[in-house]
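Breakdown of the fold
One-letter residues, chain by chain:
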Amino acid sequence: MTAYTSRISGFYRGSVAQRLDALSEHAGVAGELRSFFEDDGGGLSLEAADRMSENVIGVHGLPLGVALNFLVNGVEHVVPMAVEEASVVAAASNAARMVRESGGFHGHATAAIMTGQVQFDGAPDPEGAAARVMAHREAILRLGDEAIPRMVERGYGCRDLDVRVLDAAEGVVVVHVYVDVGDAMGANMVDTVAEAIAPALHELVGGLIGLRILSNLPSRRRVSVRCEVTDEAVGGAAVADGIARASRFASLDPFRACTHNKGFMNGLDAAAVALGQDWRSIEAGAHAWAATGGGYRPLSTWKRIPGGLRGEAELPLAVGTVGGSTRAHAGVRAAFELVRVADARQLAVVLASVGLASNLAALRALAGEGIQRGHMRLHHRKEEAAEPEAGTWMK
Ligand code: MEV
């Protein structure tokens, strides 16, 4: 094998076997990993599926592809993607190639601070309750930590509290607990903490205890990414202008922002599915984030810089490299072998980069030839069952 790289030219032209050859040369897909992709049919045995879910009668397949050309914080990543929509994988690869010419994606993820909520109704003295909870902050956090001792041993655990009075007249108070969940997605851990601290909070808040559950808007667990592309890479100054105008359109109009964000999430979700992540939670968090601060905003923006564009995105992203189906699903384990991320924070930055790439590809197609011409090409290709080429609506 040569050094691991995501820059493999002509990949899309080959047969599945030739693509696996190329991955074996450039991305370590050899031995067991290669036979897994060749033979296994997805990596989920009926037995494992039956353990994972209920009323199981089979397993559901999706095409698994790889997005190439991703350089993120100077590191190569071959990104597995599971998606039924044609052109999402080609689009992400093509945009990543353009971005790569300007140094790739750069990003940062915060520590994995998840949010748990404990709800109270009919609290007799909501403002006083907030003060009492904050006065007992350390003791409450310790109680929470006692519920997740193994995480605390590893240096993670409860970090902070926050009290929000949602309706003073009705005494609706919610206590937020912030938990560093390390490399896990963290839902179970946060639910455990919320349940563990609820009785002690009840003594301080009074009223009726309500829900004890994580929030899927983990506003303190965020990822931000940015990149640049040149006019030349996107097809000229007019196309770059069009991309910036499309971005402005999304910032002015929720109807457009929704579609803009769908295009962003196209790639992110596909990679998240391949990597066994809770994509419902990712989707819920992304759109709720887009709607914070009044109105509904685009998750990403594209602005003109001299000779090109700068793209930026920020969103909450609860993803894990341990727990959940990262252990139970052999296909997910194989996908992790491909993408080579060291931890959950690196995974978050890679996924957000894939989102930004998908978004760029979509805006470029829309600002250029428009979507329908490409769509027709795609339908034609499907009818002929021809070999996939990059010439889809997102080319
Ligand atoms: C289609 O899956 C996604 C797009 O509609 C996104 C966009 O309009 O930006 C092309």
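What this report covers is the structure whose coordinates are included nearby. Note that this is a predicted model, so its numbers are computed, not measured.

Summed over all chains, the structure comprises two aromatic pairs. Arranged with centres 5.5 Å apart and planes meeting at 75°, the rings of Phe-36 and Phe-37 form a pair that is edge-to-face. Given the relative accessible area of 16%, Phe-36 is considered buried. Note that Arg-220 overlies the ring of Tyr-178, its terminal NZ or CZ placed 3.6 Å from the centroid. Over the face of the ring belonging to Trp-279 we find Arg-280, whose NZ or CZ atom lies 4.8 Å from the ring centre.

Attention now goes to the sheet that holds strand 9 (residues 300–305). One open sheet holds the four strands; their spatial order is 3-8-10-9, and the pairing between them is antiparallel. Every interior strand has two partners, whereas the edge strands, strand 3 (106–109) and strand 9, have only one. Taken pair by pair, the neighbouring strands of this sheet meet at an average axis angle of 10°, ignoring direction. Across four bridges, strand 3 lies against strand 8 (residues 222–230) in antiparallel orientation.

Turning next to unusual backbone geometry. Even without glycine at this site, Asn-55 takes up a positive phi of about 50°. Positionally, Asn-55 belongs in the loop between helix 3 (46–52) and strand 1 (64–72). What makes Asn-55 exposed here is its relative accessible area of 75%. For Asn-73, which is not glycine, the phi dihedral falls at a positive 50°. Classification of Asn-73 as partly exposed rests on a relative accessible area of 40%.

All right, on to the pattern of salt bridges then. Per the stated rule, a full pass over the model turns up 14 salt bridges. Among the salt bridges present, the one from Arg-132 reaches Asp-125, with a minimum N-O distance of 3.5 Å. One salt bridge connects Arg-220 with Asp-160, and the closest N-O pair in it is separated by 3.0 Å. Of the two residues, Arg-220 is situated in the loop between strand 7 (208–214) and strand 8 and Asp-160 in strand 5 (residues 157–167); the sequence distance between them amounts to 60 residues. Salt bridges here are not isolated pairs; linked through shared partners, they connect Arg-137, Glu-138, Asp-160 and Arg-220.

Read from one edge to the other, the open sheet built from four strands follows the order 5-6-4-7, with strand pairing classed as antiparallel. Only two strands of the sheet have a single partner each, and these edge strands are strand 5 and strand 7. Geometrically, the sheet is characterised by an average inter-axis angle of 20° between neighbouring strands, direction not taken into account. Bridging between strand 4 (residues 113–121) and strand 7 involves five bridges; their strand directions are antiparallel. The residue bridging Asp-121 from the neighbouring strand is Leu-208, located in strand 7. Across the sheet, helix 5 (residues 126–135) touches strand 5 and strand 6 (172–180), and the angle it forms with strand 5 is around 175°.

Here the focus is the packing of helix 11 (residues 254–274) against helix 12 (residues 279–290). Interhelical geometry of helix 11 versus helix 12 gives an angle of 155° and a closest axis separation of 10 Å. One finds that helix 11 runs roughly antiparallel with respect to helix 12. Of the two elements, helix 11 crosses helix 12, and the hand of that crossing is right-handed. Facing helix 11, whose interface residues are Asn-261, Met-265, Leu-268, Asp-269, Ala-272 and Val-273, helix 12 presents Trp-279, Ile-282, Glu-283, Ala-286, His-287 and Ala-290. Class assignment for the residues of the contact of helix 11 with helix 12 results in eight nonpolar, two polar and two charged.

Phe-70, Met-81, Phe-105, Trp-302, Leu-315 and Leu-317 are the most contacted members of the largest nonpolar core, which totals 62 residues. Discounting chain neighbours no more than four positions away, the residues touching Phe-70 are Ser-6, Val-75, Glu-76, His-77, Val-79, Ala-92, Ala-96, Arg-100, Phe-105, Ser-353, Val-354 and Ala-357. One finds Ala-129, Ala-184, Val-193 and Leu-201 within the second-largest nonpolar core, a separate group that totals 33 residues.

Another aspect to go through is the site of the ligand. In the neighbourhood of the ligand, 12 residues make up the surrounding shell, with Glu-85, Arg-256, Lys-262, Asn-266 and Leu-366 lying closest. Between the ligand and Glu-85, the relevant distance is 2.7 Å, taken from an oxygen atom to a side-chain nitrogen or oxygen of the residue. Here an oxygen atom of the ligand and a side-chain polar atom of Asn-266 are 3.0 Å apart. If the ligand stood free it would expose 300 Å²; the protein chains cover 88% of that surface. Elements with a minimum of two residues in the shell around the ligand: helix 11 and helix 15 (344–367). Ranked by the residues each element gives to the shell around the ligand, the list is headed by helix 11, at six residues. Partitioned by chemical class, the residues of the shell around the ligand number five nonpolar, four polar and three charged.

Thresholds applied
- Residues numbered from 1 in each chain as written.
- Predicted model: local features only at pLDDT ≥ 70, side-chain atom pairs only at ≥ 80, totals over all residues.
- Heavy atoms only, no water.
- Phe/Tyr/Trp six-rings, centres within 6.5 Å; stacked < 30°, edge-to-face > 60°.
- Buried < 20%, exposed > 50% of the residue type's maximum accessible area, 1.4 Å probe, protein only.
- Lys NZ or Arg CZ within 6 Å of the ring centre and 35° of its normal.
- Pairing = 2+ DSSP bridges.
- Helix = DSSP H or I, 4+ residues; strand = E, 2+ residues; numbered from the N terminus.
- Axes fitted to C-alpha atoms, helices over the stretch in contact; angles between N-to-C directions.
- Salt bridge = Lys/Arg side-chain N within 4 Å of Asp/Glu carboxyl O.
- Contact = heavy atoms within 4.5 Å.
- Parallel < 35°, antiparallel > 145°, perpendicular 65-115°, else oblique.
- Left-handed = near helix turned anticlockwise from the far one by under 90°.
- Nonpolar A, V, L, I, M, F, W, Y, C, P; charged D, E, K, R; others polar.
- Core = buried A, V, L, I, M, F, W, Y, C linked by side-chain atoms within 4.5 Å.
- Near = heavy atom within 4 Å.
- Polar contact = N/O pair within 3.5 Å; in protein donor to acceptor, adjacent residues only side chain to side chain.
- Areas by Shrake-Rupley, 256 points an atom, 1.4 Å probe, with all protein chains shown as cover.

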